[in-house]
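# Coordinate inspection notes
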Amino acid sequence: MSRPLEEILFGSPSPRARAITRVVSGIAAAALLALVAAAAMRFHEAGQLEARFWNFFAWPTTWAFLAKGLLGTLASAAMAAVIALTLGLVLMVGRLARPRLVRWPSIALIEFLRGTPTLLLIYACFLVLPSIGVKLSTYWMLTLPIGLSTAAVVAEVYRAGVLAVPRGQTSAARSLGLTEAQVFFLVVFPQALRYIVPALVAQLVIVVKDTTFGYVVTYGELMQNARVLIANYHSLVPVYLVVAALYCLVNYAISRASQRLGRPMH
Amino acid sequence: MDEVARLLTDYGPAFGQALFLTWKLTLVSFVPGFVLGVVVTVLRLFPLPPLRWALTLYVEVFRNIPGVALLIFIVFALPDLNVLIDYEHSVILTLALICSAFTADYLRTGINTVAGGQIEAALSLGMRPLRVIVSVVLPQALRAVVQPMTSLLIALMLSTSLASQVPLPGRELTALVSKIATDSAAGMAAFALAAAMYVVTGLLIGWAGAALEKKLRILR
């Protein structure tokens, strides 16, 4: 891509076009400001700008409590990511294995975990497992299902990466006398990883989003702690707004990191 | 097996309705979400800095916000601002907003696949920029994003499970499983049946998407 498309489309405007653009820009800006003002008006009319709904954000305890929630979110997300990365590798190796007895169950497991909503898996761990005598802590009731469903997606991402490594690499490694395992883990997989790092990091955003279900199992993550704050201060709108902003910031930071990693390394 | 048979006699029609509601929610949120995403993509092309800035904010917010957080905000916080939306429309609105942000994001990538020379050629034929976007850029961009849009549709179908978090009048699959698991001992069978329905729906969408992709893809 030499020039962005917008630049080709609108790159050399006539003086008249430039004047029109300026006017329309002004109108758009005014309309957006009016929109913001209308929203602010609605907040004011509904009494949501009153100090009692916001003043507890000035207290350090509030932020400490939210930070604790965020830490809970990250602890769950990190463990889910570890499960996903390791189990994903196992599933991918199974998926690419030659014996049908290994390959077909792997495919079935991947399709099952990938095709089922994470929330349904969480409900299974939360409501169904206890009835057959398996008791998990709230942390694992949240983390395990997220890790499992992400593992299936990660397995497919790994597979795409492995298939993208040129065939010559495998042949060359084999002709050097490496065993099949050595060919895979020393030659093919490290190269595959470089292709898929951005996709893996992007998957982390989905993991963080999924941990929002923590309140379903009453695990103390950001969303659950937000609910506790709301129950204490009867301040629905401000707390949800702040929490939504926190989620957006965390995920935006991860997305940006993945874009940065996606740039060519040489 | 026994358990599944008993489940089907007890809850068979309920499962049918739940599956239908899941499909319906998927469809009625995908269509407006997709259209909105296309509109946002086109508007973002125009050289109007305030509009571009606002739409980029829009896309980043709805791409990064967790679906439940948005749904809970719409259902429980908006009434405090005197905005009342019923449960079903809240779910649809949530999914459509998220879908539109992802559509805008994917379509932008699709637009980048259109060669610059084509746009220069179209401009030199005397077409206006909007005409170029509608008749040259968008058709090719849309054909380039069939695969990511299929994945988005599957993800959206799975996200309809969010509806179980609000007291919807009807029950979709996840809400039905949680009800059966709470009421009776048939939780395991109900979970397996619902999971199978989700997986089959996802495979069907994936298959249809692949067929469409094969028909529409542009070989370069």
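Residues numbered from 1 in each chain as written. Chains lettered and ligands numbered in written order. Predicted model: local features only at pLDDT ≥ 70, side-chain atom pairs only at ≥ 80, totals over all residues.

## Side note on the overall build of chain A
Our working definition: Helix and strand definitions follow DSSP, with helices as H or I runs of at least four residues and strands as E runs of at least two, each counted in order from the N terminus. In this setup the radius of gyration rests on C-alpha atoms only. A globule is expected at 2.2 Å times the number of residues raised to 0.38. With C-beta atoms placed from the backbone, a residue is labelled by how many other C-beta atoms lie within 10 Å of its own: buried for 20 or more, exposed for 12 or fewer, partly exposed between the two. Residues are scored as being in contact if the C-beta atoms we place from backbone atoms lie within 7 Å.
Helices and strands together make up the secondary structure of chain A, namely 11 helices and 0 strands. Beginning at the N terminus, the succession of helices and strands in chain A can be written as α-α-α-α-α-α-α-α-α-α-α. Over its C-alpha atoms chain A spans a radius of gyration of 25 Å, topping by over 25% the 18 Å that the globule rule assigns to 266 residues. Along the first, second and third principal axes, the C-alpha atoms of chain A reach 75 × 70 × 30 Å. Residues classed as buried in chain A amount to 33% of the 266 residues present. Within chain A, residue pairs in contact and separated by at least 24 positions form 74% of the contacts whose partners lie at least 6 positions apart.

## A word on the overall build of chain B
Secondary structure assignment for chain B yields 9 helices and 0 strands. The order of helices and strands in chain B, counted from the N terminus, is α-α-α-α-α-α-α-α-α. Along the three orthogonal principal directions, the C-alpha set of chain B runs to about 70 × 45 × 20 Å. Out of the 220 residues in chain B, the part that is buried amounts to 43%. The contacts in chain B between residues at least 6 apart in sequence include a share of 76% that link residues at least 24 apart.

## Here's the deal with the packing of helix 7 (residues 138-164) of chain A against helix 9 (residues 180-210) of chain A
Residue and element names in this part refer to chain A. As a reminder of what qualifies: Every axis corresponds to a line fitted to the C-alpha atoms, with the helix fit spanning only the stretch in contact, and the corresponding angles, defined between N-to-C directions, vary from 0 to 180 degrees. Should an angle fall under 35 degrees it is taken as roughly parallel, and over 145 as roughly antiparallel, whereas 65 to 115 is taken as roughly perpendicular and any remaining angle as oblique. Helix crossings get a hand from a simple test, with the near helix turned counterclockwise from the far one by less than a right angle marking a left-handed crossing and a clockwise turn marking a right-handed one. Under the scheme applied, nonpolar residues are Ala, Val, Leu, Ile, Met, Phe, Trp, Tyr, Cys and Pro; charged residues are Asp, Glu, Lys and Arg; polar residues are all the others, including Gly.
At a closest axis distance of 8 Å, the pairing of helix 7 and helix 9 adopts a crossing angle of 150°. With respect to helix 9, the element helix 7 is oriented roughly antiparallel. As helix 7 packs across helix 9, the resulting crossing turns out to be right-handed. Every residue of helix 9 that contacts helix 7 at Ile146, Thr150, Val153, Val154, Val157, Tyr158, Ala160, Gly161, Val162 and Ala164 is listed here: Val188, Phe189, Ala192, Leu193, Tyr195, Ile196, Ala199, Leu200, Gln203, Ile206, Val207 and Asp210. Split by residue class, the contact of helix 7 with helix 9 holds 18 nonpolar, 3 polar and 1 charged.

## Let's talk about the nonpolar core
This is how the line gets drawn: Nonpolar core, as used here: buried Ala, Val, Leu, Ile, Met, Phe, Trp, Tyr and Cys residues forming one set through C-beta atoms within 7 Å.
Within the largest apolar cluster, 123 residues are counted, with the highest numbers of intra-cluster contacts made by Ile122(A), Val177(B), Ala190(B) and Ala194(B). Of all the elements, helix 4 (residues 87-112) of chain B adds the most residues to this core, at 13 residues. Residue contacts for Ile122(A): discarding those within four places in its chain leaves Met141(A), Leu142(A), Pro145(A), Phe213(A), Val216(A) and Val217(A).

## Section: the interface of chain B and chain A
Every contact between the two is made by 48 residues of chain B and, on the other side, 46 residues of chain A. Of all the elements in the fold, those that place two or more residues in the side of chain B that touches chain A are helix 2 (49-64), helix 3 (67-77), helix 4, helix 5 (116-124), helix 6 (129-144), helix 8 (173-183) and helix 9 (187-216) of chain B. If one sorts the elements of the side of chain B that touches chain A by residue count, helix 9 of chain B sits on top with 9 residues. Class assignment of the residues belonging to the side of chain B that touches chain A gives a composition of 33 nonpolar, 12 polar and 3 charged.

## A word on the confidence of the model for chain B
Applicable threshold: Confidence of the predictor at the level of single residues is given by pLDDT, which spans 0 to 100.
In the predicted model, chain B carries a mean pLDDT of 87, and 98% of its residues have values of at least 70. Overall fold confidence for the complex sits at a pTM of 0.87, while the interface term, ipTM, reaches 0.85.

## Details of the environment of Met92(A)
Residue and element names in this part refer to chain A. With respect to the element layout, Met92 can be found in helix 4 (residues 60-96). Overall, Met92 belongs to the buried group, with 25 C-beta atoms counted inside 10 Å. Taking the C-alpha atoms as reference points, Met92 and Arg114, 22 residues apart in sequence, are found 13 Å from one another. Beyond its immediate chain neighbours, meaning those up to four positions away, Met92 contacts Ala155, Tyr158 and Arg159.

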